[in-house]
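Listed here are the chains, written in short residue letters.
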Amino acid sequence: MRVLACTTLFQLSLAARSDADKNRPVTKVINLLKDMVKQLEKEAEEDEEVYNKVACWCQTNDKDKTRSIADAEDRINKLVNKIEEETASSSRLNTEIKNLEVEVEKN
C-alpha cells in the first residue's frame with residue numbers, strides 16, 4: 001500500500017511539474033519559436049512554388065520577346081530599304097516627268 005501511495009504521489013508530482021513547465025515563460029517562448037519555424041517553412045514552400053511559376057513565365061516570355069524584337073528589327077530594315085528604293089524611284093520618275101514636259105513644250 002505504501003508503494004502504491006508513493007508511486008501515485010510521484011506520478012502526481014511529475015504531472016504537476018510538467019504543468020508548471022508548460023506555464024513557464026521560457027517554455028512559452030520556445031513553443032512560439034517552434035510555431036514560427038513551422039510557419040516559415042510552410043511559407044518558404046509556397047514562395048518556392050510561386051518563384052518556379054514566375055521563373056518559367058520569365059524564361060518563356062523572354063524567348064518570345066527576343067524573337068519578336070528580332071522579327072521587328074528585320075522588318076524595320078526591310079521597310080527602310082523599301083523607302084530608299086521608292087525614294088530613288090520617285091526622284092527618277094520626277095526627273096523623267098520634267099524631261100517629258102520639256103520635250104512636250106518643244107513639240
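Coordinates for the structure precede this section.
Residues numbered from 1 in each chain as written. Predicted model: local features only at pLDDT ≥ 70, side-chain atom pairs only at ≥ 80, totals over all residues. Heavy atoms only, no water.

Asks: Would you mind showing me how to read the overall build of the chain here?
Replies: Regarding its fold elements, the chain presents two helices and zero strands. With 107 residues in all, the chain has 0% of them scored as buried. Summing over all exposed atoms, the chain offers an accessible surface of approximately 10,200 Å²; the carbon and sulfur share of this is 59%. (Helix = DSSP H or I, 4+ residues; strand = E, 2+ residues; numbered from the N terminus. Buried < 20%, exposed > 50% of the residue type's maximum accessible area, 1.4 Å probe, protein only. Areas by Shrake-Rupley, 256 points an atom, 1.4 Å probe, with all protein chains shown as cover.)

Asks: Just to check I follow, could you spell out the pattern of salt bridges for this structure?
Replies: Pairing is possible between side chains of opposite charge, provided their charged atoms come close. Counted by the stated rule, this structure contains four salt bridges. Where Asp 64 meets Arg 67, a salt bridge forms, and the shortest distance between an N and an O atom there is 2.8 Å. Of this pair, Asp 64 and Arg 67 both sit in helix H2 (residues 25-106), three residues apart, which is roughly one turn of that helix. Notably, a salt bridge pairs Lys 82 with Glu 86, separated by 3.4 Å at the nearest N-O pair. (Salt bridge = Lys/Arg side-chain N within 4 Å of Asp/Glu carboxyl O.)

Asks: Looking at this structure, I do not really get a nonpolar patch on the surface. What am I missing?
Replies: Taken together, the side chains of Val 29, Leu 33 and Met 36 make up a nonpolar region of the molecular surface, amounting to roughly 280 Å² of accessible area. For Met 36, the position within the fold is in helix H2. (Patch = residues over 30% accessible without salt bridge, like charges linked within 9 Å, V, L, I, M, F, W, Y side chains within 5 Å.)

Asks: Any chance you could explain the state of the cysteines here in plain terms?
Replies: Covalent bonding between the sulfur atoms of two cysteines defines a disulfide. Taken as a whole and assessed by the stated rule, the structure comprises zero disulfides. Cysteine Cys 56 is unpaired, with the sulfur of Cys 58 as its nearest cysteine sulfur at 9.3 Å. Among the residues examined, Cys 58 registers a relative accessible area of 37% and is labelled partly exposed. (Disulfide = S-S within 2.5 Å.)

Asks: Is there a simple way to explain a negative patch on the surface in this structure?
Replies: The grouping of Glu 41, Glu 43, Glu 45, Glu 46, Asp 47, Glu 48 and Glu 49 at the surface amounts to a negative patch. Counting through the fold element by element, Glu 41 comes out in helix H2. (Lys, Arg positive; Asp, Glu negative; His and termini not counted. Charge placed at Lys NZ, Arg CZ, Asp CG, Glu CD.)

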